Amino acid sequence: MLNNEELAEIEQSPYKADFPLLAQNPDLVFLDSAATAQRPGVVLDAQRRFYETMNANPLRGLYRLSVEATAAIDDARKKVASFIGAVDEAGNPCGNQIVFTRNASESLNLVAWTLGRTILKPGDDVVISIMEHHSNLIPWQQVCRATGANLVYLRMNDDYTITPEEVAAKIGPKAKIVSVTQVSNVLGVENDIPMIAARAHEMGAYMVVDGAQSVPHLRVDVRKLGCDLLAFSAHKMCGPMGIGVLWGKPEVLDAMPPFLTGGEMIDSVTETDAVWAPVPQKFEAGTQDAAGSYAFGAAIDYLNEKGFDALEKRERLLARYLTDQLAALPYVTVIGPADGARHVGSVAFDVHGIHPHDVASILDMDNVCIRAGHHCAQPLINELGVEIGSTCRASVAFYNDKQDIDRLVAGLDKVWKVFNGNN
Ligand SMILES: Cc1ncc(COP(=O)(O)O)c(C=O)c1O
């Protein structure tokens, strides 16, 4: 339970005023940030500023405007690199380790279809976890099918933990690629990536991390994570939709062939062949979303200015309060750890005997937004034994407050009464 001081900290949100959609809809309770975050005005302004003041096709022109558009992307790369600790020994950001894609799904597909397709042979293992979002599962299913490799699953114990014993048992000498989510988008639990990465490397496998639910909420530092590749999306961290990131160790990205081809991703082309441009251009075929990258840079500036550590601390308090309040309802079961401190952003739950779609639709009548469904993690939902294949999920971001969660609880009371009268 939160103490009085902690409750006072989350009583109201000092951030909502920065978010036009939240500020203009004071009655809205947005508890679906794991699906996509809201964007502050500074991000919307940046998107517009790009088109109003520096719009030209980046990388292609030698005139000032095009050079500015190119610089806008490069600046954004550096901001992203700094944000995840991709810096050199002098602390300078390594922008060339940041590949811009459309989203985390595309980043993970890129890895599967370039690294996976190149190195996997029949009988090799690709190891993922049972908690994966479909975006870190289907690409590996497909690549295993194409190469004859086996897809092996790390499973959780009863405490929703992937233990070192499980890791040692499943990641063996046949493992060539291990790809695991840092934070589950359903259970909200954080996996011990450094431990899993150490085992992967001991066995000579590459370590890929799906950071879609971790980079927005935790201070992720690629120097400490121990992975080779990390994927995430701007839209879950206050940036625009349509921008994803793939960070990689330079030697790993260098060794990977391109994914999509065409446009400025080449050094030279003949009638029969092409020589690739260096990373990151090698992976960025066609015209890039320069305005989106620039606006993503503005999102990172915003998170840094507000103090990311303070935002993370606030989110942890909100997640604890959310878990405690849900667990206290006699007709609700939290799906995942009972300890709110283990939830990074998301809490899945079941309202006894009421379909999650009904729960979400009735809450919506009171302007409370939550997610209902399989959360793009059907194997996990099956593993959890959820027979109807669907759960409710509420997820918080730093701009939420205690009142949002209290409104959710009041809404759930109403849902319960709609189905059960006053019993
Ligand atoms: C854990 C996880 N991985 C990957 C994704 C895919 O992200 P995107 O839809 O931005 O590609 C999501 C989206 O919810 C996610 O939660």
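In this report, the structure presented in the accompanying data block is examined. Starting afresh in each chain, residues are numbered from 1 along the sequence in its written order. With the structure being a predicted model, the display of local features is reserved for residues of pLDDT at least 70 and the display and counting of side-chain atom pairs for 80 or more, all residues being used for whole-chain, interface and lining totals. Values reported for side chains reflect all heavy atoms of the structure, with hydrogen atoms and water molecules removed beforehand.

1. Considering the layout of surface pockets
For each structure, a 1 Å grid was placed over the protein atoms alone; sets of points admitting a 1.4 Å probe that cannot get out are labelled cavities, open sets with protein on both sides within 12 Å along at least five of seven lines are labelled pockets, and lining residues have an atom within 4 Å of a point. Grid points are joined across faces, edges and corners, and a volume is the space filled by probe spheres set on the points. In this structure, the largest pocket spans a volume of roughly 340 Å³. Lining of the largest pocket is provided by 24 residues; of these, Ala34, His133, Asn185, Gln213 and Lys236 occupy positions nearest its centre. Per the convention used, a helix needs a DSSP run of H or I reaching at least four residues, while a strand needs a run of E reaching at least two, with both numbered from the N terminus. Here the lining of the largest pocket takes three residues from helix 5 (residues 104-119), the largest share from any one element. In terms of residue class, the lining of the largest pocket is made up of eight nonpolar, twelve polar and four charged. Each of domain 1 (4-30 + 307-420) and domain 2 (47-304) contributes no fewer than three residues to the lining of the largest pocket. Taken as a whole, the second largest pocket encloses approximately 200 Å³ of empty space. As for the second largest pocket, its lining consists of 16 residues, and the residues nearest its centre are Phe100, Thr101, Glu106, Ala285 and Gln288. We call Asp, Glu, Lys and Arg charged. Ala, Val, Leu, Ile, Met, Phe, Trp, Tyr, Cys and Pro are nonpolar, and the rest, Gly among them, are polar. Domain delimitation follows an automatic or database domain assignment.

2. Some words on the sheet that holds strand 14 (residues 371-373)
Strand pairing is assigned whenever DSSP identifies at least 2 bridges connecting the two strands. The four strands are arranged 11-12-15-14 in an open sheet whose pairing can be described as antiparallel. The strands lining the two open edges of the sheet, one partner per strand, are strand 11 (332-335) and strand 14. Within the sheet, the average angular offset between the axes of one strand and its neighbour, ignoring direction, is 30°. As judged from the four bridges shared by strand 11 and strand 12 (residues 346-351), these two strands associate in the antiparallel manner. Paired with valine 334 across the strands is phenylalanine 349, a residue of strand 12. Sheet strands touched by helix 13 (residues 356-365): strand 12, strand 14 and strand 15 (391-395). Its angle to strand 14, the strand with the most contacts, is close to 155°. Between the N-to-C directions of two axes lies an angle of 0 to 180 degrees, each axis being a line fitted to C-alpha atoms and, for a helix, fitted only over the stretch in contact. For this analysis, residues touch if any pair of their heavy atoms sits within 4.5 Å.

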